[in-house]
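Close look at the chain arrangement
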Amino acid sequence: MIVTGLSLQTLAILVGSVSALRAFKLFLDFRRLLASIHHLPGYRTVLSSSTVLGNLFPPIPLFTLGHDHSWLSKHAPFAERGLDVVSAAAYWPKAMGSLFIADVNVIKDIVWSRGGRFPKPLGQYTILTFFGENIVASEGNEWKRYRKIVAPAFSERNNRLVWDATIQIMLDLFDTMWAGQEEVVVNHSVDLTLPIALFVIGAAGFGRPISWKEDAVVPLGHQLTFKDALHTVTQDLTLKFLVPRWAMGLTKRLRRARLAFDELHQYLKEMIHERQESQQEDNHDLLSSLLSANDDENLSKGEVKLSNSELIGNIFIFLVAGHETTAHTFSFAFALLALHPDKQEEMYQHIKRVLPDGRIPTYDDMQSLAYSSAVFNEALRMFPPVCTVPKTSAEDTTFTLTDVNGTMKTVVVPKGLGLTLDIVGLHYNPKYWEDPFTFKPERFLGDWNRDAFLPFSGGYRGCVGRKFSETEGAAVLTLLISRYTISIKDEPQFVGETYEQRKARVLDAQSILTLAPTRLPLVFTRRT
Ligand code: HEM
Ligand SMILES: *[C@@H]1O[C@H](CO)[C@@H](O)[C@H](O)[C@H]1NC(C)=O
Ligand SMILES: *[C@@H]1O[C@H](CO)[C@@H](O)[C@H](O)[C@H]1NC(C)=O
């Protein structure tokens, strides 16, 4: 017994000293990191929030910034330090540093740089490659190849298709699901907006129109609807990433996630087969661009065929990228209009001036429906679905910018440092936006600082679906406001609250994959 006790003690001392040595090394690395950024003021935490683990936590001072850091703090961290670049340094799992950036010129430098100076940190994107390599989670020549394949599907001709598909989907909603109802109650706005956005990308991107009625039915050979499979998958991406395959059968939640992944894979394969069988020659949508790149016969000399897994990976990423982001923007736009009835009325009057006879607007009316686009933009400014865009520095470099007192400052950037384009910080930066916390769609009617508006990121890696979603946005908002008024649902448990409390409650948001409203109950009342 004594012998075992002693050896255990020795072991404990050994483990203890190894840990202490390791902690000391981390500490030295951390010190070196701080020196390499010339002690630029900012956050010092134990755990890095650019790791999957760090992203699971809420903010805990000194321990981790938490997953919602940029969303929760808006521009305050920059204002506090008088500079629109703030550093973050963490000890663990290794000394890691990054810069949060809310300065227009520095961001412009980064997104428009050539030659791979500021690539995406692909390690942070592996979670998105579950179904295959794709345009979002790639860099360099691989990315160029994908972008070239899909670009033709985002032409002006396709925008028209997006507009028409959106109108069709909204009319189908009014004429079937909402028919005969003076008041439609939606307990959580995303129950309405996620299907809208999914149906639009399905129809305009994949030639797969879904009607509201048939959407509720599980097709033969499936256990989930396409919509449910896709929603569960997007919600459970992190789960799937962290939990090993053999453990996916352990709980009900995990089994449902596993089923959704399998079902979605099945749906995507069916979608491909159906299109391959149908021989639709005149179709120029996204799916046909991807399929044609997957077919040897269509390849020009020197082109590399899109493999089956790249095909599925890209279809998946387009469904994800084109769906939640737009849907959440609609939800926030509806909430803002409900909270600001005067702006809602102004929007209605604007629409009536453009369409005095109440006809259905066409794509050519979009330019004139400027107030609808302004509301969409203002929702994107205040609630950017993608709160931060990560990059890295591939070389030792510097950024120069002016601080709050107008003094030129130089920020030193060592090779390998993480860079975070802080979209929320930028969108609430009073240097670019007057009264940034106030909902003012009019700011997008006149002249506005285009470089300070980055919900779609920017430069070469900017969103390829930007015009797609702007078109969809203008069509949805116009059609809805021309026929309905939007208000917040009254609920007995909230009768005593003030306007400010109500606003804070319904606009509460959380950034998981994209920024989403926590709980947003709405009422749509038909205009008479
Ligand atoms: C309000 C709606 C949308 C927002 C806020 C949004 C935002 C973004 C952002 C911030 C990026 C850069 C991501 C990064 O750097 O990792 C991006 C890229 C991308 N988005 Fe969107 N997006 C929206 C709608 C769409 C739609 C409708 C589609 C497709 C139909 C789409 C497809 C893509 C693709 C494929 C990329 C990758 C582009 C590339 O790397 O070349 N997005 N989007
Ligand atoms: C700006 O000037 C004020 C007043 O002189 C000073 O207190 C503050 O520290 C300066 N800010 C920065 C970031 O240098
Ligand atoms: C919305 O919530 C109310 C009250 O909680 C409930 O009675 C109603 O069935 C819900 N509606 C839907 C469509 O889920």
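Owing to the predicted nature of the structure, the values given are computational and were not obtained by experimental measurement.

Here we take up the UniProt feature "binding site: heme" (unreviewed entry) in the chain. Per the UniProt record, the feature "binding site: heme" (unreviewed entry) sits at Cys463. We classify Cys463 as partly exposed; its relative accessible area is 37%.

If you check the protein contacts of the iron atom of ligand 1, you find one donor only, Cys463 (SG), at 2.3 Å. Along the polypeptide, Cys463 turns up in the loop between helix H17 (423-427) and helix H18 (466-483).

Here the focus is the packing of helix H6 (residues 156-177) against H18. Two packed helices can be described by the angle between their axes and the distance between those axes. It is at 9 Å that the axes of H6 and H18 come closest, and there the two elements cross at 30 degrees. By the angle between their directions, the pair H6 and H18 is classed as roughly parallel. Considering how the two elements wind past one another, H6 and H18 form a crossing that is right-handed. Every residue of H18 that contacts H6 at Asn158, Asn159, Val162, Trp163, Thr166, Ile167, Met170, Leu171 and Phe174 is listed here: Lys467, Phe468, Thr471, Glu472, Ala474, Ala475, Val476, Leu479, Leu480 and Arg483. Of the residues in the contact of H6 with H18, the class split is 12 nonpolar, 4 polar and 3 charged.

Attention now moves to the environment of Arg114. Structurally, Arg114 is set in the loop between helix H4 (104-111) and helix H5 (140-150). Placed 346 residues apart in sequence, Arg114 and Tyr460 show a C-alpha to C-alpha distance of 8.8 Å. At 3.2 Å, the side chain of Arg114 forms a polar contact with the side chain of Tyr460.

Taken together, 28 residues surround ligand 1, and among them Lys120, Tyr125, Trp143, Arg147 and Cys463 come closest. Contact between ligand 1 and Lys120: an oxygen atom at 2.9 Å from a side-chain N or O atom of the residue. Taking Tyr125, its side chain carries an N or O atom lying 2.6 Å from an oxygen atom of ligand 1. For the shell around ligand 1, the elements supplying multiple residues, two or more each, are H5, helix H13 (308-321), helix H14 (324-339) and H18. The element that contributes the greatest number of residues to the shell around ligand 1 is H14, accounting for 3 residues.

Definitions and limits used
- Residues numbered from 1 in each chain as written.
- Chains lettered and ligands numbered in written order.
- Predicted model: local features only at pLDDT ≥ 70, side-chain atom pairs only at ≥ 80, totals over all residues.
- Heavy atoms only, no water.
- UniProt positions renumbered as here; feature names shortened; annotations may be inferred.
- Buried < 20%, exposed > 50% of the residue type's maximum accessible area, 1.4 Å probe, protein only.
- Donors = N, O, S within 2.8 Å, 3.2 Å for Na, K, Ca; no water.
- Helix = DSSP H or I, 4+ residues; strand = E, 2+ residues; numbered from the N terminus.
- Axes fitted to C-alpha atoms, helices over the stretch in contact; angles between N-to-C directions.
- Parallel < 35°, antiparallel > 145°, perpendicular 65-115°, else oblique.
- Left-handed = near helix turned anticlockwise from the far one by under 90°.
- Contact = heavy atoms within 4.5 Å.
- Nonpolar A, V, L, I, M, F, W, Y, C, P; charged D, E, K, R; others polar.
- Polar contact = N/O pair within 3.5 Å; in protein donor to acceptor, adjacent residues only side chain to side chain.
- Near = heavy atom within 4 Å.

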